[in-house]
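Chain and residue survey
Here are the chains, one letter per residue:
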Amino acid sequence: MDNSFIDIVGVSKSFGGVKAVDDISLSVHQGEFFSLLGPSGCGKTTLLRILGGLEAPGSGRVMIDGQDITDVPAHLRPTNMVFQNYAIFPHLNVEQNVAYGLRQQKLSREEQIEKVSAALAMVKLEGFEKRGADEMSGGQKQRVALARALIKRPKVLLLDEPLGALDKKLREEMQIELRMLQQQVGITFVFVTHDQEEALTLSDRVAVMGEGRILQMDSPRQIYERPKSREVADFIGQMNLLSGAIESVGDKVTVNTPTLGNVCVENNDQDVAVGDAVTLAIRPENLKLRSASAPGSVRVTLAASAFWGHTTYYRVVVTGAEGESLDVAQQDYSGSEKVGDEAWLGFDPADLLMLKN
Amino acid sequence: MKQGTRLAARILGAYAVIYVAYLYVPVLFLPLFSFNDSIYISFPLRGWTFKWYESMLANDALHRALVNSLKVGLTTAFISTVLGILGAKAVTRYRLPGQKPVVAMIMLPLVVPEIILAMALLMVILRAGGSLGLVSIAAGHILLCVPFAMVVLMSRFEGFDRSLEEASHDLGENGWWTFWRVTFPNVLPGIVASLLLTFTISFDEFIMAFFLGSTEPTLPVFMWNQLRFPKLLPGVLALGACILIASVLVVLAAEWFRRRNTSDSQSGDVIIG
């Protein structure tokens, strides 16, 4: 697609010699829900602040809707931000907070009230107009911050870990609401988070970041099912990472692993040679525990189990390869769950993903 | 063990009482003797009188000194607080080259003996061909007061979330409007505290006012002049009593303002949702 709406071209930013953002280029489409995902200190917030004009890039250009805004100050940019701590003005009530950005529009009192009510209705905060900033819960503050930003009808809404401070249940509720809101207003969202589940649930596309660079930029499904590097695989969801060495290369690659023996996997466009050390990755839900032997399964010993409600996690050790353990997520295992008991582990080699070390 | 702690508590209690008495009892003698019908400060009191207050009200020189002190005090409070706001904002909001030495220089008047500052300023002003008077006194007081204003305001600026100003920029306000709509209301209690503190420091400052003044004395210098004549002493006591009451009122007003300000955001029409 070439209908890119936000273009970040070769942007770098250093703080005291440390590169927070290291030569990043990316494009975001109009109306897209785009997430920057990474551990703290990976540069995702810095990149967001560069988009909002709160931080000047050391080099590179930033374009929104065909306009180069690299040198445009924050207050003249077509972006609005929802801050991590919400930054609700403590000396103003909800109504005044939401109306803050309307001053230059020179609206009549009635028009202002109308706009504020509409914005508050959008975030389901009707009736909270006169509340003080410190009389609200985290979730309510977050809604005020959203309303205050959306009332400006920005071309791009920037969200800096807006759900980070909320408890689990509220966070899940807000995720759904945020996604619905985004589809309703049709504004391009750039969302920063360290919570991979949140990024995968909400986004149209995700950029996984690490140490100032983009490790992978893809749809959530691609990121989850086809991580391109060990770093991404390790960061996204639970993943068993097994060491191995290339045995032979052809249409498929044979990898010798201490845990699963010789396995045949797809050569996913990696130029590898015989003898190279690689990592095989497989999700816990793609492993299957059985109480009886079956072709292709390996013998394992149960090391631990944990009941999670929707599934049970089992940690198993392959007999004869006690160095590495594997995690299995399974709902219907009928064998004995006693630690130390033996079982059989089955898997489909197609679910194994080869990653270069 | 328990007896030991009880004894310690008693000693501490006594210490606290003595400490407070030492601080405030001498101050209470001021209004007490200002009503005494005698020019000598000694017990027993000879009788009650308002005549010292009457003579005070009739004393034109005293009125002029009071007006001088108010002029110097208000000017000092205003200018040093404005400078303090600018300095505190710069120091807390930006990383400036050589910031630490610059701040140390601003704070220097806190530790340099005032008499040294006063003499140095006197020499500089005379050498530069300046004249002595209320302006030179105010200049000296500003030098003394800026560090105090800075300290008060810096703590206020530091305690106030930087992202609020960023949010204002983000919502379309430039630096000027952001200052008036966000920064100023949030640091206002600090500004009021700084105004009161610097005014008080200037109002009772003696050394600078003595060195850098001319024929027009400020109130402390005027009082000191009066003290040299025993028969004028009760008049000074009456004046002192008035200043005491005025300063208590100012402190109460400041405290009331502070409380009103912190509870402000909690009051108002609360809608329970």
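Above this text sits the structure in question.
A short tour of the structure in this document, coming up. All values derive from a computational prediction rather than experimental measurement.

With that settled, consider the overall build of chain B. Tallying secondary structure elements over chain B gives 11 helices and zero strands in all. The secondary structure elements of chain B, listed N-terminal to C-terminal, are α-α-α-α-α-α-α-α-α-α-α. Taken over C-alpha atoms, the radius of gyration comes to 24 Å for chain B, far larger than the 19 Å a tight globule of 273 residues would show. Considering only C-alpha atoms, chain B reaches an extent of 70 × 70 × 45 Å along its principal axes. Positive and negative side-chain charges of chain B, numbering 20 and 16 respectively, have mean locations separated by a distance of 9 Å.

Quick look at the interface of chain B and chain A now. If you look at the interface, chain B gives 26 residues, while chain A gives 29 residues. For the pairing of chain B and chain A, the buried interface totals around 2,400 Å² over both sides, and the portion due to carbon and sulfur atoms is 51%. Counting every contact that joins chain B to chain A gives two salt bridges. Its salt-bridge partner being R49 of chain A, residue E166 of chain B comes within 2.7 Å of it at the nearest N-O pair.

All names here are of chain A. Of note, L150 is situated in helix α4 (residues 138–150). As a C-alpha pair, L150 and E231 span 81 residues in sequence and 35 Å in three-dimensional space. Sequence-distant contacts of L150, defined by excluding residues within four places in its chain, comprise M122, L157, L181 and I187.

This next bit is on the packing of aromatic side chains. Residues and elements named next belong to chain B. Applying the stated rule across the entire model yields 15 aromatic pairs over all chains. For the ring pair Y15 and Y19, a centre distance of 6.1 Å and an interplane angle of 40 degrees mean the geometry is tilted. Of this pair, Y15 and Y19 both sit in helix α1 (residues 2–34), four residues apart, roughly one helical turn. On the accessibility criterion, Y15 (52% relative accessible area) is exposed. Assessed through its relative accessible area of 46%, Y19 is described here as partly exposed. Ring geometry for F210 against W224: centres 5.3 Å apart, planes inclined by 70 degrees, an arrangement best described as edge-to-face. Taken together, the positions of F210 in helix α9 (residues 207–212) and W224 in helix α10 (residues 219–227) put the pair 14 residues apart, joining distant regions of the chain.

Once that is clear, we can look at the sheet that holds strand β8 (residues 188–193) of chain A. All names here are of chain A. With mixed pairing, six strands are arranged side by side in an open sheet as β6-β7-β8-β3-β9-β10. The outermost strands of the open sheet, each flanked by one partner alone, are β6 (79–82) and β10 (213–218). Across the sheet, the axes of successive neighbouring strands diverge by a mean angle of 20 degrees, strand direction being ignored. Relative to strand β7 (residues 156–160), β6 runs parallel, the two sharing four bridges. Residue pairing across strands places N80 opposite L157, the latter belonging to β7. Sheet contacts for α4: β6 and β7; angle to β6, the most-contacted strand, approximately 175 degrees.

To continue, consider the packing of helix α3 (residues 60–93) of chain B against helix α8 (residues 175–203) of chain B. All names here are of chain B. Closest axis-to-axis distance for the α3/α8 pair is 8 Å, and the angle between their directions is 140 degrees. The two elements α3 and α8 cross, and the hand of that crossing is right-handed. Contacts from L66, S69, L70, V72, G73, L74, T76, A77, F78, S80, T81 and I85 in α3 reach F179, I191, S194, L195, T198, F199, S202 and F203 in α8.

What follows is about a nonpolar patch on the surface. There is a patch of nonpolar side chains on the surface, built from L12, Y15, Y19, V20, L23, Y24 and V27 of chain B and spanning about 720 Å² of accessible area. For L12 of chain B, the location among the structural elements is in helix α1.

The next point concerns the sheet that holds strand β15 (residues 287–290) of chain A. Sheet strands pair by backbone hydrogen bonding; their relative direction is either parallel or antiparallel. Residue and element names in this part refer to chain A. Pairing is antiparallel across the open sheet formed by five strands, whose spatial order is β15-β19-β16-β17-β18. In the strand order of this sheet, the two ends are held by β15 and β18 (321–330), each with one partner. Strand-to-strand twist across the sheet, computed as the mean angle between neighbouring axes with direction ignored, equals 45 degrees. As paired strands, β15 and strand β19 (residues 342–347) are joined by four bridges and run antiparallel to one another. Its bridge partner lying in β19, L289 is registered against L345.

All names here are of chain A. Of note, T70 is situated in the loop between β5 (67–68) and β6. A polar contact is formed between the side chain of T70 and the side chain of D68, at a distance of 2.6 Å. Excluding anything up to four places from it in sequence, T70 contacts P57, G60, R61, V62 and R77.

Moving on: the pairing of β7 of chain A. All names here are of chain A. Across the five residues of β7, five count as buried, placing the element largely inside the fold. Burial along β7 is two-sided: the residues V156, L158 and D160 and L157 and L159 are all buried. Pairing of β7 with β8, which is carried by five bridges, proceeds in the parallel orientation. Counterpart to D160 in the pairing with β8 is V192. In this fold, the crossover linking β7 to β8 by way of helix α5 (residues 168–185) has right-handed handedness.

Not every positive phi belongs to a glycine, and K106 of chain A is a case in point at roughly 50 degrees. Here K106 of chain A is to be found in the loop between α2 (94–98) and α3 (109–122).

Note that an α-helix has 3.6 residues per turn; residues three or four places apart therefore point the same way. All names here are of chain A. Relative to the 20 Å expected for 14 residues at 1.5 Å per residue, α3 spans 20 Å between its end C-alpha atoms, a close match to the ideal helical length. Those residues of α3 not exposed but buried are V116, A119, L120 and M122. For α3, the angular spread of the buried residues around the axis is 155 degrees, confining them to a single face. Exposed side of α3, more than 90 degrees from the buried face: E110 and E114 are the residues found there. Buried residues belonging to α3 abut α2, α4 and α5. Looking one or two residues past α3, K124 carries a phi angle of roughly 60 degrees, positive in sign.

What follows is about the packing of α4 of chain A against α5 of chain A. Residues and elements named next belong to chain A. Two elements in contact, α4 and α5, have axes whose closest approach is 12 Å; the angle formed by their N-to-C orientations is 15 degrees. Classified by the interaxial angle, the pair formed by α4 and α5 is roughly parallel. Handedness of the crossing formed by α4 with α5: right-handed. The segment α4 lies against α5, with G139, Q142, R143, L146 and L150 engaging L170, M174, E177, L178 and L181. Of the residues that constitute the contact of α4 with α5, the class distribution is six nonpolar, two polar and two charged.

Cut-offs used in this document
- Residues numbered from 1 in each chain as written.
- Chains lettered and ligands numbered in written order.
- Predicted model: local features only at pLDDT ≥ 70, side-chain atom pairs only at ≥ 80, totals over all residues.
- Heavy atoms only, no water.
- Helix = DSSP H or I, 4+ residues; strand = E, 2+ residues; numbered from the N terminus.
- Rg over C-alpha atoms; globule rule 2.2 N^0.38 Å.
- Lys, Arg positive; Asp, Glu negative; His and termini not counted.
- Charge placed at Lys NZ, Arg CZ, Asp CG, Glu CD.
- Contact = heavy atoms within 4.5 Å.
- Buried area = accessible area lost by both parts, 1.4 Å probe.
- Salt bridge = Lys/Arg side-chain N within 4 Å of Asp/Glu carboxyl O.
- Phe/Tyr/Trp six-rings, centres within 6.5 Å; stacked < 30°, edge-to-face > 60°.
- Buried < 20%, exposed > 50% of the residue type's maximum accessible area, 1.4 Å probe, protein only.
- Pairing = 2+ DSSP bridges.
- Axes fitted to C-alpha atoms, helices over the stretch in contact; angles between N-to-C directions.
- Left-handed = near helix turned anticlockwise from the far one by under 90°.
- Patch = residues over 30% accessible without salt bridge, like charges linked within 9 Å, V, L, I, M, F, W, Y side chains within 5 Å.
- Areas by Shrake-Rupley, 256 points an atom, 1.4 Å probe, with all protein chains shown as cover.
- Polar contact = N/O pair within 3.5 Å; in protein donor to acceptor, adjacent residues only side chain to side chain.
- Right-handed = clockwise from strand over helix to strand, strands pointing away.
- Expected span 1.5 Å × (residues − 1).
- Arc of directions from axis to C-beta.
- Parallel < 35°, antiparallel > 145°, perpendicular 65-115°, else oblique.
- Nonpolar A, V, L, I, M, F, W, Y, C, P; charged D, E, K, R; others polar.

Geometric values such as these leave the question of function open.
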